[in-house]
Amino acid sequence: MGTGHFFWVIFYFASLCSASLANNAKINFREKEKKVLDQILGAGKYDARIRPSGINGTENLPTYVYVNMFLRSISKIDDYKMEYSVQLTFREQWTDERLKFDDIQGRLKYLTLTEANRVWMPDLFFSNEKEGHFHNIIMPNVYIRIFPNGSVLYSIRISLTLACPMNLKLYPLDRQICSLRMASYGWTTNDLVFLWKEGDPVQVVKNLHLPRFTLEKFLTDYCNSKTNTGEYSCLKVDLLFKREFSYYLIQIYIPCCMLVIVSWVSFWLDQGAVPARVSLGVTTLLTMATQTSGINASLPPVSYTKAIDVWTGVCLTFVFGALLEFALVNYASRSGSNKASN
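Residues numbered from 1 in each chain as written. Predicted model: local features only at pLDDT ≥ 70, side-chain atom pairs only at ≥ 80, totals over all residues. Heavy atoms only, no water.

Participant: Can you break down the packing of aromatic side chains residue by residue, with the values?
Facilitator: Tallying each qualifying case throughout the model produces 11 aromatic pairs. With a centroid separation of 5.7 Å and an interplanar angle of 70°, the aromatic rings of Phe 90 and Phe 126 are classed as edge-to-face. Taken together, the residues Phe 90 in strand β2 (residues 83–95) and Phe 126 in strand β4 (residues 124–126) connect sequence positions 36 residues apart. Under the relative-accessibility criterion, Phe 126 is labelled buried at 11%. Relative to Tyr 253, the ring of Phe 245 has its centre 5.2 Å away and its plane inclined at 50°; by these criteria the two rings are tilted. The class of Phe 245 is partly exposed, set by a relative accessible area of 31%. Three or more aromatic residues joined by ring pairs form one cluster here, namely Tyr 84, Phe 213 and Phe 241. Positioned above the aromatic ring of Tyr 304, the side-chain terminus of Lys 169 is 5.7 Å from the ring centre. Positioned over the ring face of Tyr 247 is Arg 212, at 5.9 Å from the centre of the ring. (Phe/Tyr/Trp six-rings, centres within 6.5 Å; stacked < 30°, edge-to-face > 60°. Helix = DSSP H or I, 4+ residues; strand = E, 2+ residues; numbered from the N terminus. Buried < 20%, exposed > 50% of the residue type's maximum accessible area, 1.4 Å probe, protein only. Lys NZ or Arg CZ within 6 Å of the ring centre and 35° of its normal.)

Participant: Lay out the layout of surface pockets in plain terms, naming residues and giving numbers.
Facilitator: It is a probe the size of a water molecule, rolled over the atoms, that shows where empty space is left. In this structure, the largest pocket occupies an estimated 300 Å³ of space. Taken together, 15 residues make up the lining of the largest pocket; nearest its centre are Leu 124, Phe 126, Phe 134, Tyr 154 and Ile 158. When contributions to the lining of the largest pocket are tallied by element, the ones reaching two or more residues are β2, β4, β5 (129–134) and β7 (151–163). The residue inventory of the lining of the largest pocket, partitioned by class, reads 11 nonpolar, two polar and two charged. Its volume calculated, the second largest pocket comes out at about 230 Å³. Forming the boundary of the second largest pocket are 16 residues, of which Ile 55, Tyr 64, Tyr 66, Trp 94 and Thr 95 lie nearest the centre. At the level of elements, β1 (63–78) and β2 are the ones that each hand at least two residues to the lining of the second largest pocket. Tallied by class, the residues present in the lining of the second largest pocket amount to five nonpolar, eight polar and three charged. (1 Å grid on protein atoms, 1.4 Å probe; cavity = no way out; pocket = protein on both sides within 12 Å on 5 of 7 lines; lining within 4 Å. Points joined across faces, edges and corners; volume = space filled by probe spheres on them. Nonpolar A, V, L, I, M, F, W, Y, C, P; charged D, E, K, R; others polar.)

Participant: Which residues make up the state of the cysteines, and what are the values?
Facilitator: Formally, a disulfide is one covalent bond, and it connects the sulfur atom of one cysteine to the sulfur atom of another. By the definition in use, this model includes two disulfides. Covalently, Cys 164 is tied to Cys 178 through a disulfide, its sulfur atoms 2.0 Å apart. Because the torsion about its S-S bond is -75°, the bridge between Cys 164 and Cys 178 counts as left-handed. Of this pair, Cys 164 sits in the loop between β7 and β8 (175–184) while Cys 178 is found in strand β8, placing the two residues 14 residues apart along the sequence. Cys 164 sits in the buried class, given a relative accessible area of 1%. The class of Cys 178 is buried, set by a relative accessible area of 0%. The residue that forms a disulfide with Cys 223 is Cys 234, at a sulfur-sulfur distance of 2.0 Å. Here the disulfide of Cys 223 and Cys 234 is left-handed, its torsion about the S-S bond being about -60°. (Disulfide = S-S within 2.5 Å.)

Participant: A description of the sheet that holds strand β14 (residues 234–243) should follow, citing residues and the corresponding values.
Facilitator: Strand order in the open sheet made by the four strands is β4-β8-β14-β11, with antiparallel pairing throughout. Looking at which strands have only one partner, the edges of the open sheet turn out to be β4 and β11 (213–222). The sheet shows a mean angle of 20° between the axes of neighbouring strands, direction not considered. The pairing of β4 with β8 spans three bridges and is antiparallel. The residue bridging Leu 124 from the neighbouring strand is Ser 184, located in β8. (Pairing = 2+ DSSP bridges. Axes fitted to C-alpha atoms, helices over the stretch in contact; angles between N-to-C directions.)

Structural measurements only, silent on function.
In structure tokens form, the structure reads like this:
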């Protein structure tokens, strides 16, 4: 009995010692992370103003930055202002040989930073941006991961309002292509090149809801631009939107058809019922004109004729023709009566 008791006491103290050693190892491991950060980003050891070298540390090659994004939502597509609003998670990845570190036999997967100014950053900007802001609730939605091989991943959540020039000739039976353009502001292609990340560089949230539009597809491409100061790397995403016709069928086409049919009711009224036929014709004409004005008020004043203009113009012609028909019939009737009386 005493031997068994002695055995359990030894086992208890061994367990305490092993737990203490494990905790010390964990604490030392976190201290190692701090030492690595101080080692690669300490004062006088890293200059964030200098861009990284090219592939394999080659000085005369540009820095390659791989871009991908995740579209979280598209909240508004404005026909009048020709713009759209999007919220996305934007990611960039590049290699900086100066940030290599020892991964402690695979235990240190990566280091995480929340201060973008600690490392060199590509000078990317959105060339068709009108407005934009970062998200800081509850904390700034941004992080930087530094991997043992010197690879850097930058991720941030942003909201943008972007210009989208539209061709409204087929409105409301049209399709629109809205682009998202990203380019380098100061570094030419000799120093910095943006590339799409291989394998699904643009992802879209499932069940994306758009008022009055459907996102049919999206295409990635390159759009390098040349200016007096050099050639600059540029990426773009083309989003193809199809306008939903059901809304316009209920709000525009069916009411216009009903107004035309109502104007034709005057054909079945007695030709002597002048007040009724005039009131019906003028009312439908003014209502149709108001409907046309309301449609055009939600669209920009373009110089070409739209499909909806043709439709409202034909409907307005039918309504006006019904009113004109009564005037001609009434005039002919009175002329015939005068000749008969003479």
